[in-house]
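Secondary and tertiary structure notes
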Amino acid sequence: MQTRPLMTLQVRVAPSHDVGAVPHGTRRVAPIAGGRFDGPRLRGVVVAGPSADWLLLRTDGVLELDLRATLQTDDGALIAMRSFGLRHGPADVMAALARGDAVDPARYYFRTTIRFETSHPSYAFLNRLVAVASGDRRAEGPIYTIDEVL
Amino acid sequence: MTSRPLLLLRLATAPIQEIGPTPHGTLSIFPIVGGTFDGERLRGKVLPGGGDWVTRRPDGVFELDLRATLETDDGALVYLTFSGVRDDASHYFRTLPRFETAAPKYDFLNRLLAVGLGEIRPDGPVHVFEELL
């Protein structure tokens, strides 16, 4: 598989809403308060409001991340982003993450797959690709290194 | 992003069900009647009963939405879904597979993300899946 860098996305999360035990696991909604993205072909800010990450801690201990975010480029285009991810790792590592400790992202699995939608002609290439990301979970919100799948 | 080979999937499809123009594009359904998959960690056959819901968007790109059941050579069932993009103008055909299984031996499939490189061959579509490491 060949990839090339698309952007780094840094997300700021607001306090989460703990929905609690649901039929598929434990649901938590993490609203996105803002953020930034930066890459060779696009850069800008994350629009708060509808952006959030719908987290589901499955009964097998794997966390599913179902993120929707609206990105606004520095030249005014809006991009709708949807990402599906998985996060899991050894119990002590996951406990450290839950406490908000700084943890080397190599110690756990945090990967997502991403699709984009836009109506802006300059960014129409985003409508025609799939992307993958490595996540680095920080206390203030995750940092995603996003690569285009070539 | 690093990856490693997961499997090669060959699908056998029945004649297309042409739903036609819908609000999202032109929808064609490819019923899956069989196939095989082969990789270092799992191999077996594709069971009849799945399908690929393919929508041709107004910009000419095909959106794929596949569901299939895989049966490993040792009898485990694996539920496979993928969404994907096929852009014939740029020869881009990539999918985002996900797996679900109850078989402990194949539990690793529940915990990984993958990318598929697709190709249309005369005898049917072929997908090479790579696990995201």
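Refer to the preceding data block for the structure.
Now for a quick tour of the structure. The numbering scheme is per chain: residues are counted from 1 as the chain's sequence reads. Going through the entries in the order they are written, you letter the chains from A and number the ligands from 1. In keeping with the predicted nature of the model, local features appear solely for residues at pLDDT of at least 70, side-chain atom pairs appear and are counted solely at 80 or more, and the whole-chain, interface and lining totals rest on all residues. Water and hydrogen atoms play no part in the side-chain values, which are based on all heavy atoms of the structure.

Let us now look at the overall build of chain A. Counting its secondary structure elements, chain A contains 1 helix and 9 strands. Only runs of H or I of at least four residues qualify as helices and only runs of E of at least two qualify as strands under DSSP, and these elements are numbered from the N terminus. Along chain A, from the amino end to the carboxyl end, the secondary structure elements read β-β-β-β-β-β-α-β-β-β. Two things to know: the radius of gyration comes from C-alpha atoms, and the globule rule equals 2.2 Å times the number of residues to the power 0.38. Computed over C-alpha atoms, the radius of gyration of chain A comes to 15 Å, within 12% of the 15 Å expected from 2.2 N^0.38 for 150 residues, which places it in the range of a compact globule. With respect to the three principal axes, the spread of C-alpha positions in chain A is 45 × 35 × 30 Å. Look at the contacts in chain A between residues 6 or more apart in sequence, and 51% of them connect residues 24 or more apart. We call two residues in contact when some of their heavy atoms are within 4.5 Å.

Let us now look at the pattern of salt bridges. What makes a salt bridge here is a side-chain nitrogen of Lys or Arg within 4 Å of a carboxyl oxygen of Asp or Glu, nothing more. By the definition in use, this model includes 22 salt bridges over all chains. Where Asp101 of chain A meets Arg99 of chain A, a salt bridge forms, and the shortest distance between an N and an O atom there is 3.0 Å. A single salt-bridge network, built from bridges that share partners, covers Arg58, Asp60 and Glu64 of chain A together with Arg98 of chain B.

Attention now moves to helix H1 (residues 91–99) of chain A. Residue and element names in this part refer to chain A. Whether a residue is buried, partly exposed or exposed follows from its accessible area with a 1.4 Å probe, protein chains only, as a fraction of its type maximum: under 20%, in between, or over 50%, in that order. Val93, Ala96 and Leu97 are the residues of H1 that are buried. Here the buried residues of H1 occupy an arc of 100° about the axis, which is enough to place them on one side. Among the exposed residues of H1, those oriented more than 90 degrees off its buried face are Ala91, Asp92, Ala98 and Arg99. Contacts from the buried residues of H1 go to strand E6 (78–88). Our arc is simply the arc of the directions from the helix axis toward the C-beta atoms.

Here we come to the pairing of strand E6 (residues 62–72) of chain B. Residue and element names in this part refer to chain B. Along E6, the buried face is formed by Phe62, Leu64, Leu66, Ala68, Leu70 and Thr72; none of Glu63, Asp65, Arg67, Thr69 and Glu71, which line the opposite face, is buried. A pair of strands is treated as paired once DSSP finds two or more bridges between them. One ladder, built from 3 bridges, connects strand E4 (residues 43–46) with E6; its direction is antiparallel. Bridge pairing in E6 links Gly44 to Thr72. With 6 bridges joining them, strand E5 (residues 51–56) and E6 adopt antiparallel strand pairing.

Further remarks concern the interface of chain A and chain B. Contact residues are listed per partner, giving 26 residues for chain A and 23 residues for chain B. Summed over both partners, buried area is the accessible surface (1.4 Å probe) that two parts give up on being assembled. With both chains or domains summed, chain A and chain B bury close to 2200 Å², and 55% of this area falls on carbon and sulfur atoms. Of all residues in chain A, Met1, Arg115 and Arg128 of chain A give up the largest surface area on contact with chain B, accounting jointly for 32% of the area buried on that side. On the surface where chain A and chain B come into contact, there are 3 salt bridges. The closest approach of N and O atoms between Arg128 of chain A and Asp87 of chain B, which form a salt bridge, is 2.7 Å. Whenever two N or O atoms come within 3.5 Å, that pair is a polar contact, provided that in protein one can donate a hydrogen and the other can accept it, and provided that, for residues adjacent in sequence, both atoms are side-chain atoms. Taken together, the links from chain A to chain B amount to 13 residue pairs in polar contact (both at pLDDT 80 or more).

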